[in-house]
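The lines below spell out each chain.
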Amino acid sequence: MVYFVGLVGLLLILTAEARVGNSSESRFCTESKECLLYDLVCKNDDYEVRHYDSVKWVSTDEECYFMDKATYTAFRRLFKYITGSNKAGVNIDMTAPVTVKIEEKKKMWASSVFTISFLLPSDYQMIHPQPTDDKVYFTETPDMKVYVRSYGGWMMSLTSSVNSMLLKRQLDNVQATYNKDYHYAVGYDSPMKILNRHNEVWYMVEGEPVCPTS
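Reading the values: the criteria
- Residues numbered from 1 in each chain as written.
- Predicted model: local features only at pLDDT ≥ 70, side-chain atom pairs only at ≥ 80, totals over all residues.
- Heavy atoms only, no water.
- UniProt positions renumbered as here; feature names shortened; annotations may be inferred.
- Helix = DSSP H or I, 4+ residues; strand = E, 2+ residues; numbered from the N terminus.
- Buried < 20%, exposed > 50% of the residue type's maximum accessible area, 1.4 Å probe, protein only.
- Contact = heavy atoms within 4.5 Å.
- Areas by Shrake-Rupley, 256 points an atom, 1.4 Å probe, with all protein chains shown as cover.
- Pairing = 2+ DSSP bridges.
- Axes fitted to C-alpha atoms, helices over the stretch in contact; angles between N-to-C directions.
- pLDDT = per-residue confidence, 0-100.
- Phe/Tyr/Trp six-rings, centres within 6.5 Å; stacked < 30°, edge-to-face > 60°.

- The name an unreviewed UniProt entry assigns to the chain is Heme-binding protein 1, from the organism Oncorhynchus mykiss.
- Checking UniProt for the chain, the heading Sequence similarities (unreviewed entry) contains the comment "Belongs to the HEBP family."
- The UniProt entry for the chain carries the following text under Function (unreviewed entry): "May bind free porphyrinogens that may be present in the cell and thus facilitate removal of these potentially toxic compound. Binds with a high affinity to one molecule of heme or porphyrins. It binds metalloporphyrins, free porphyrins and N-methylprotoporphyrin with similar affinities."

Take a look at the structure:
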């Protein structure tokens, strides 16, 4: 009995730490019930630093020359998973954001492996139905701080690349340390949304975050 109570308590703690919550708590999530929540560490005119708790995602990889094509193919694969193509045959609510992990060290005219991920809703953070497609798997991001640059419009190869370059330049100017092996392109909106779209670029903080104000 004591073991059972302890296990339930542990599950509750782990669930509480996975900060997937109501979209009303985020100004970016306007089309989904739940969204990835964060704590703002600091902010200036160029970027902000956020703290995210560890959360689980459903992910897939796609090798391609361009992010746009990789995202289109991978998105459809993951969408099938949340709309019943899983071993439990259940429908899972779409959440926000969708992330694309992009390798930083890409040779000119060489293909890259893009990892696209859907955030698992709070009900499925601990236990999630197994995929029927062997290209679909689960990942977990660690408790982390990230440098974030936001921009509007559409998240495409060109806009993502330009904004990642601008964020890197801003971080280098203040001698911030961050993971230079990869970054994330992050989108919050469905293709049906035309106005007030929100996208981001994330770089993982290494060491103490740097966030000078002017």
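Quick look at the overall build of the chain
Thinking step 1. A tally of helices and strands in the chain yields three helices and eleven strands.
Thinking step 2. Put simply, the chain has 214 residues, and 44% of those count as buried.
Thinking step 3. Pairs at least 24 residues apart make up 70% of the contacts formed inside the chain by residues separated by at least 6 positions.
Thinking step 4. Carbon and sulfur atoms provide 57% of the accessible area of the chain, an area that totals close to 11900 Å².

Observations concerning the sheet that holds strand 6 (residues 98-103)
Thinking step 1. Spatial ordering of the open sheet is given by 3-4-9-11-10-6-7-5-8, a layout of nine strands whose pairing is antiparallel. Strands with a single pairing partner mark the edges of an open sheet, and in this sheet they are strand 3 (39-43) and strand 8 (136-141). Looking at each pair of strands side by side, their axes are set apart by 30 degrees on average, direction ignored.
Thinking step 2. Pairing of strand 10 (residues 182-187) with strand 11 (residues 199-204), which is carried by four bridges, proceeds in the antiparallel orientation. Residue pairing across strands places glycine 187 opposite asparagine 199, the latter belonging to strand 11.
Thinking step 3. Running at roughly 135 degrees to strand 5 (residues 55-64), helix 2 (residues 67-82) makes contact with strand 5, strand 6, strand 7 (112-119), strand 8 and strand 10 of the sheet.
Thinking step 4. Set on the sheet, helix 3 (residues 157-173) makes contact with strand 6, strand 9 (144-151), strand 10 and strand 11; between it and strand 9 the angle comes to about 120 degrees.

Comments concerning the confidence of the model for the chain
Thinking step 1. With 90% of its residues at a pLDDT of 70 or more, the chain shows a mean pLDDT of 90.
Thinking step 2. Across residues 1-17, where pLDDT falls below 50, the model places five contacts with residues more than four positions away in sequence or in other chains.

Description of the packing of aromatic side chains
Two aromatic rings, taken as a pair, are described by how far apart their centres are and by the angle between their planes.
Thinking step 1. On inspection of all chains with the given rule, the structure shows ten aromatic pairs.
Thinking step 2. Ring plane angle 85 degrees and centroid distance 5.5 Å describe the contact between tyrosine 47 and tyrosine 147, whose orientation is recorded as edge-to-face. Of this pair, tyrosine 47 sits in the loop between strand 3 and strand 4 (48-52) while tyrosine 147 sits in strand 9; the two residues are 100 residues apart in sequence, bridging distant segments of the chain. An identical accessibility class is assigned to tyrosine 47 and tyrosine 147; each is buried.
Thinking step 3. Ring geometry for phenylalanine 75 against phenylalanine 118: centres 5.0 Å apart, planes inclined by 65 degrees, an arrangement best described as edge-to-face. In this pair, phenylalanine 75 sits in helix 2 while phenylalanine 118 sits in strand 7, placing the two residues 43 residues apart along the sequence.
Thinking step 4. Taking the relative accessible area as the measure of exposure, phenylalanine 75 reaches 29% and is therefore partly exposed.
Thinking step 5. Among the residues examined, phenylalanine 118 registers a relative accessible area of 2% and is labelled buried.
Thinking step 6. Among the aromatic residues, ring-to-ring pairing joins Tyr38, Tyr52, Tyr182, Tyr184 and Trp202 into one connected group.

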